[in-house]
Amino acid sequence: MSGKEVVGSILISLILMSAIVFFALPFIFPGVSEKNIVVQSKYAEWKTTAMIYDSETTAYKKISDTELNITIQESSSLAIVFSADAILHLSDTFTVKNSYFFSVVIEGVGNKTFFITYFDSSAATGSIRELTYNLYVNYVTNPLPAGTYNVAVYWQSRFDANGSNFLSLAHSGYNYSRSLWIQELSMALITT
């Protein structure tokens, strides 16, 4: 047998055994199942104020102080949670709606986008209004190649309403914060 045949035989054996472990083992041994285990976890919380005015509709911009890097093993997934306390400030001349998009971005991999909107069809009230939002989004990837990944949060205004309206995170007048939590998940066989 040549060296190529030996290597080919080993690769075919590995592929077949992986398929058997993945598909057949749970039927042969019902107490064995696949579970995601947490390999590592990174967490950061920021209390610095970040603001976006509703006139900033041209492009997404990175939220300051809201990004982390993580280095993972081959075939791990990332589980990400972004949360924040936000204040939507509407001026006394505000009418119609105010809307902002948020995007949790893993550079070179993908993103998960969500939005908040406030709609009021009545005329301007002549009073300033502030609304509080609790933002929360989770994002889990498929298995990724080994490497270092940058996770950041971006935002963009979707509508420029009358007045000087803005959304703030970790507003200085309140004890609000924003956080980013990233976990590296790896698949493991667990017996129960």
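Peer 1: Is there a simple way to explain the pairing of strand β9 (residues 166-169) in this structure?
Peer 2: Two faces make up the sheet, and in a regular strand the side chains alternate between them. Residues Phe 166 and Ser 168 line one face of β9 and the alternating positions Leu 167 and Leu 169 line the opposite face, and both faces are buried. Sheet analysis places strand β2 (residues 50-53) next to β9, joined by four bridges and oriented antiparallel. Bridge pairing in β9 places Ala 50 opposite Leu 169. Judged from the four bridges that link them, strand β4 (residues 77-90) and β9 form a sheet pairing that is antiparallel.

Peer 1: Just checking my understanding: could you explain the side chain of Arg 178 for this structure?
Peer 2: Within the element layout of this structure, Arg 178 appears in strand β10 (residues 178-191). One buried charge, Arg 178, has no salt-bridge partner; the nearest side chain with opposite charge is Asp 65, at 4.4 Å. At a separation of 2.7 Å, a polar atom in the side chain of Arg 178 contacts the side chain of Thr 66.

Peer 1: Is there a simple way to explain the nonpolar core in this structure?
Peer 2: If you look at soluble globular proteins, the nonpolar side chains tend to sit buried side by side. Leu 78, Ile 80, Phe 82, Phe 102, Leu 135, Leu 167 and Leu 169 are the most contacted members of the largest nonpolar core, which has 37 residues in total. At seven residues, the largest contribution of residues to this core is made by β4. Residues contacting Phe 82, with those up to four places away along its chain left out, are Thr 66, Phe 102, Val 104, Phe 114, Leu 135, Tyr 136, Val 137, Val 153, Leu 169, Arg 178, Ser 179 and Leu 180.

Peer 1: Got a minute to help me understand the packing of aromatic side chains in this structure?
Peer 2: Note on aromatic pairs: each is described by the distance of the centres and the angle between the planes. For the coordinates displayed, the defined rule picks out six aromatic pairs. In textbook terms, an aromatic cluster arises when at least three aromatic residues are bridged by ring pairs, as seen for Phe 82, Phe 102, Phe 114 and Trp 155. Across from the ring centre of Phe 159, 5.3 Å away, lies the NZ or CZ of Lys 97, which sits over that ring. When the ring centre of Phe 101 is taken as origin, the NZ or CZ atom of Arg 158, which lies over that ring, is 4.4 Å away.

Calculation rules
Residues numbered from 1 in each chain as written. Predicted model: local features only at pLDDT ≥ 70, side-chain atom pairs only at ≥ 80, totals over all residues. Heavy atoms only, no water. Buried < 20%, exposed > 50% of the residue type's maximum accessible area, 1.4 Å probe, protein only. Helix = DSSP H or I, 4+ residues; strand = E, 2+ residues; numbered from the N terminus. Pairing = 2+ DSSP bridges. Lys, Arg positive; Asp, Glu negative; His and termini not counted. Salt bridge = Lys/Arg side-chain N within 4 Å of Asp/Glu carboxyl O. Polar contact = N/O pair within 3.5 Å; in protein donor to acceptor, adjacent residues only side chain to side chain. Core = buried A, V, L, I, M, F, W, Y, C linked by side-chain atoms within 4.5 Å. Contact = heavy atoms within 4.5 Å. Phe/Tyr/Trp six-rings, centres within 6.5 Å; stacked < 30°, edge-to-face > 60°. Lys NZ or Arg CZ within 6 Å of the ring centre and 35° of its normal.

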